[in-house]
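Structural overview
Spelled out, the chains give:
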Amino acid sequence: MKNVKKWTWIIRLVILLLALTLPSSTILAKEVLRIAIMSSHGMSDSAEAIAKKFNKLYGDKIEAQVTAIGFDILLDKMLTDFTTGSGSFDVYSVGYHWIGTVGNYLYDLEEIRKKYPGVEDPNYDFKDFPPILWDTYATWKGKNIGLPFVDGTLVLFYRVDLFNKPEYKAKFKQKYGYELHMPQDGDTKFLTFKQLRDYAEFFTKGIKWRDGEQYGISLPAASGDPLLSMYAMFFGAYRRSPEGLKIFGQVDPDYGDYFTSDHRVAFDPAISDLGIKALQDYLALSKFSPNPVTRDWITSSEPFRSGLAAMFIGWGGYWPSITDPTSPVHGKVGVSVLPAPHLGGWCVAINKKTKHPKEAYIFIQMLTSKEDTKYLYEAFTETPTRLSTMTDARLKAKYPDLWVMAPSLKNPSVRPKIPVLPKLEYAMGRTLGKAWTGEMTPEVALKAVAEEWNRIVKQAGLR
Amino acid sequence: MSTYRVVPAGSVFDRFAKHIFILPGLGVLVALVIYPTYYLIRLALSNFDLTFMTKPVFIGLGNFIQILSDTYFWGALGNTLVMASIAVALEFVFGLGMALLLNEDLRGGRIIKSLLIVPMMIPPVVVGLNFKLIFDQFGPLNDLLQRLGVSCVDWLGNPLMAKVSVILADVWQWSSFMFIIFLAGLQAIPQYLYDSAKVDGASGWRTFRFITWPMLVPSATVALTFRVMDALKIFDVVYMVTSGGPSFSTEVLSLYIYRTGFRFGTLGYASAVAVIMLILLTAIIEVIIKETRLGKRLEWE
């Protein structure tokens, strides 16, 4: 009897708790707009700032929540989310080279604009995006699948103190017969590959500028994205030259510089020797760098940041981490345009499975608006995709890395936006890396990569 | 006064009781082991490509036939077998050595034992990251070598040394596992066996050869089985230290499965590789158990 009483009390208590919590949880349960952004100061912090602004305006109905996800797992996360249809996130930051892999799962933004006529910000100014960025980041198969979010071109970081030292300048001129000079804002002539190589050689063994080991340049060549992007930069110089255009035809924006206009592998030694020449340029520069084959973007920035190397090729967005006050090279770094810039960068796109397409569009529009691009660059050094920010005189005077952005976009090489890109990246890393480790000659390695790429593209029905 | 009803033997309840009691356990087994394995095999027999948004299409043994000519698969399999065998062999030797040494009453032995267990408790991702820094061209290991007047080693840039680096990281972390198992085995050996060997005038080697080792074989088999299973599935350390490089000289099967499944989006193919890995693991473990007659020994014990 006593037990029965005890049980009825417990049941009463549970019912009371449920009665109290259920209505309150229903009231509290707000719609959530989930945003997955690549984890970096510029990108995820910018998204967080805009999410706060968004929540002030629309927070009573829907709350924007940003999740920062590491570069290494972002693509995997996206693919899993898209294919299982779980709709974990409504908005994603998408590296443009992944668009071919995930493009089928992204919203055509034109559909949203048509469906919700009032959604478009009249001051958005689509024309403020440089055409190359709109075509590369925002367009796929003729559809608008995202808005340009972060511009990423490969740039050259260098030690201003070394390049400006009169003693070194004189020694360089004596040895190479021309001036040691790094192109600045306003210069009409940019760096050539020959100059870059000479500079790297000079600061490796032409002069003793530090105690202990010293390198002219720090280069990445680790398999994966670093090797794919870096070789694209070297090959792009040949691919986009008059000779290259004659041999390979115009660059198809979806297939990028690595393919001919009829989608054959352009660096294939069977077509021309330009691929080999580009690889030899890359290998020649590698002699003046800490072992590139073990270095990705971050680890190749370290020798420069710690003062071991005189130059470093990396993404423009690395400026804050390289030059922060704790860096040994703080106050000694300058940026210049590379002989043949290569385009990286990100768009923000909407998951086709989202339940909140309108709100997602409003969010990505705010994140990439003309007004906020300037603010985000100043606050978080988010590398801008808008010309109005890149060419802003006040900002250029304040931030010494900004000037390189607009000239870097003149004729940059681009990577393919095709579904099998991860396979191509893997095949290149696996085989081309052997040209650095000495397991294969450059010619044999490149031929093997070209054969493998042709097989992958053919098997996927892309040619 | 409460009364209990005695269920007569052979009644319906008695006959079905054991089946009913087994049901929850069976349910868990089906949900967590049998169904996922069935689904894995089903995927392995299908063409399922995430990037092309295709639904799984049954293709029979198509993926397995493709694996036969996949040089990446064979490369990864070779690397896995080589690195796992060397790492486990070294862990075995170090673990046994340390256990023999610390089984004696040494000064500070308890502290050393506690310290030896620490590597095992560190997440493999952290171990990988640490070793990546240690083996860096400008890392502390090369710095030490330079101070000793030895030239630097290209740990991560040379295909052979990259393998060595991964093996060393694994050995550092998992030798302590072998050590614990061996130490437990050593402490279970009755002292009177050693006492009688002493009386008979047996040398240290003969005592080890005819008393310690035979008594340790069951422990060795258990340790070996667990470590082989684990080493063949190695992922985190390789991913962090070398990412399979340089030029994929340290690519292992689990990393290859991850790449084919979640990078290339070919889930069907990745599942087929996983099925092969499962068969391989089962076969290797079966051989170890058979060769060491573990089953018989446990039965005897």
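Nothing here was measured: the structure is a model prediction, and the numbers come from that model. (Residues numbered from 1 in each chain as written. Chains lettered and ligands numbered in written order. Predicted model: local features only at pLDDT ≥ 70, side-chain atom pairs only at ≥ 80, totals over all residues.)

Quick word on the overall build of chain A
What counts, and what does not: Runs of E in the DSSP output that reach at least two residues are strands. Runs of H or I that reach at least four are helices, and both are numbered from the N terminus. Residues with at least 20 other C-beta atoms within 10 Å of their own are called buried, those with 12 or fewer are called exposed, and the rest are partly exposed. The C-beta atoms themselves are positioned from the backbone. Contact between two residues is assigned whenever their backbone-derived C-beta positions fall within 7 Å.
A tally of helices and strands in chain A yields 22 helices and nine strands. Seen through its principal axes, chain A has C-alpha atoms that stretch 100 × 55 × 50 Å. Burial statistics for chain A: of 463 residues in total, 50% are counted as buried. Of the contacts formed within chain A by residues at least 6 apart in sequence, a portion of 74% connects residues at least 24 apart.

Side note on the overall build of chain B
Condition: Atoms counted for the radius of gyration: C-alpha only. Globule rule: 2.2 Å times residue count to the power 0.38.
Of the regular secondary structure elements, chain B holds 13 helices and two strands. Over its C-alpha atoms chain B spans a radius of gyration of 25 Å, topping by over 25% the 19 Å that the globule rule assigns to 301 residues. By its C-alpha atoms, chain B is 80 × 70 × 40 Å across when sized along the principal axes. Split into buried and exposed, the 301 residues of chain B put 31% on the buried side. In chain B, the proportion of contacts linking residues at least 24 apart, taken out of those at least 6 apart, comes to 71%.

Quick notes on the nonpolar core
It is characteristic of soluble globular proteins that their nonpolar side chains tend to be buried jointly. So the rule is basically this: A set of buried Ala, Val, Leu, Ile, Met, Phe, Trp, Tyr and Cys residues, joined through C-beta atoms within 7 Å, is what we mean by a nonpolar core. Each domain span listed reflects an automatic or database assignment of domains.
Within the largest apolar cluster, 183 residues are counted, with the highest numbers of intra-cluster contacts made by A:Ile35, A:Ile217, A:Tyr231, A:Ala278, A:Met311, A:Cys347 and A:Phe363. The element that contributes the greatest number of residues to this core is helix 7 (residues 159-187) of chain B, accounting for 11 residues. Residue-level mapping places this core at the junction of two domains, with at least three residues from each of domain 1 (28-151 + 344-408) and domain 2 (153-343 + 416-459) of chain A. If sequence neighbours within four positions are ignored, A:Ile35 has contacts with A:Ala47, A:Ala51, A:Ala64, A:Gln65, A:Val66, A:Thr67, A:Phe89, A:Asp90, A:Val91 and A:Phe363.

A closer look at the packing of helix 7 of chain B against helix 9 (residues 204-232) of chain B
The relative placement of two packed helices comes down to the angle between their axes together with the axis-to-axis distance. Residue and element names in this part refer to chain B. Counted only if it meets this: Axis geometry follows a simple rule: fit a line to the C-alpha atoms, using only the stretch in contact for helices, then measure angles between N-to-C directions, giving values from 0 to 180 degrees. Note on angle classes: values under 35 degrees are labelled roughly parallel, values over 145 roughly antiparallel, values of 65 to 115 roughly perpendicular, and the remainder oblique. Left-handed describes a crossing in which the near helix is turned anticlockwise from the far one by less than a right angle; the clockwise case is right-handed. Amino acids are sorted into nonpolar (Ala, Val, Leu, Ile, Met, Phe, Trp, Tyr, Cys and Pro), charged (Asp, Glu, Lys and Arg) and polar (every other residue, Gly among them).
At a minimum axis distance of 9 Å, the contact between helix 7 and helix 9 shows a crossing angle of 155 degrees. The orientation of helix 7 relative to helix 9 falls into the category roughly antiparallel. Judged by the twist between their axes, the crossing of helix 7 over helix 9 is right-handed. Residues Asp-170, Trp-174, Phe-177, Met-178, Ile-181, Phe-182, Ala-184, Gly-185 and Leu-186 of helix 7 touch helix 9, and the partners they reach there are Leu-216, Ser-219, Val-222, Ala-223, Arg-227 and Ala-231. Classifying every residue of the contact of helix 7 with helix 9 gives 11 nonpolar, two polar and two charged.

Digging into the pairing of strand 1 (residues 31-38) of chain A
All names here are of chain A. For clarity, the cut-off: Pairing between strands is defined by DSSP: at least two bridges between the two strands are required. A clockwise path from the first strand over the helix to the second, with the strands pointing away from the viewer, defines a right-handed crossover.
With six of its eight residues buried, strand 1 lies for the most part within the structure. The sheet contact formed by strand 1 and strand 2 (residues 62-69) spans eight bridges and is parallel. Across the sheet, Ile-35 pairs through a bridge with Val-66, a residue of strand 2. What joins strand 1 to strand 2 is helix 2 (residues 41-58), and the crossover it makes is right-handed. In this structure, strand 1 lies alongside strand 3 (residues 91-95), joined through two bridges in parallel fashion. Bridging from a neighbouring strand, Ala-36 pairs with Tyr-92 of strand 3.

Details of helix 3 (residues 71-84) of chain A
For the α-helix, the turn length of 3.6 residues means that residues three or four positions removed from each other point alike. Residue and element names in this part refer to chain A. Note the threshold: By this rule, a helix spans an expected 1.5 Å times one less than how many residues it contains. Arc definition: it is the arc formed by the directions from the helix axis to the C-beta atoms.
An ideal rise of 1.5 Å per residue puts 20 Å on 14 residues; helix 3 measures up with 21 Å between its terminal C-alpha atoms. Leu-74, Leu-75, Met-78, Leu-79, Asp-81 and Phe-82 are the residues of helix 3 that are buried. Viewed along the axis of helix 3, the buried residues span an arc of 170 degrees, placing them on a single side of the element. Pointing more than 90 degrees away from the buried face of helix 3 are the exposed residues Ile-73 and Thr-84. Remark: Gly-85 follows helix 3 within two positions and exhibits a positive phi of approximately 70 degrees.

With respect to the domain arrangement of chain A
Residue and element names in this part refer to chain A. Each assigned domain of chain A is listed with its residue range as follows: domain 1 (28-151 + 344-408) and domain 2 (153-343 + 416-459). For domain 1 versus domain 2, the distance between C-alpha centres works out to 28 Å. Each partner contributes residues to the interface: domain 1 has 23 residues there, and domain 2 has 23 residues. If you list the elements that add at least two residues to the side of domain 1 that touches domain 2, you get helix 2, helix 4 (99-102), helix 6 (131-138), strand 9 (343-350) and helix 19 (405-408).

A short note on unusual backbone geometry
Looking along the chain, the bond that leaves B:Gly245 and enters B:Pro246 is cis, with omega of -5 degrees. Turning to its location among the elements, B:Pro246 is positioned in the loop between helix 10 (236-241) and helix 11 (253-263). Non-glycine residue A:Thr381 carries a positive phi angle of around 50 degrees. Mapped onto the elements of the fold, A:Thr381 is located in the loop between helix 16 (370-380) and helix 17 (387-390). Residue A:Thr381 is classed as buried on the basis of its C-beta count, with 23 C-beta atoms lying within 10 Å.

Observations concerning the environment of B:Ser254
All names here are of chain B. If you trace the backbone, Ser-254 turns up in helix 11. Measuring from C-alpha to C-alpha, the distance between Ser-254 and Tyr-239 comes to 9.9 Å, with 15 residues separating the pair along the chain. Ignoring sequence-local partners within four residues, the contact set of Ser-254 consists of Lys-233, Ile-234 and Phe-235.

So, the interface of chain A and chain B
Taken together, the contact pairs 23 residues of chain A with 20 residues of chain B. Breaking the side of chain A that touches chain B down by element, the ones donating at least two residues are helix 3, helix 20 (421-432) and helix 21 (434-437) of chain A.

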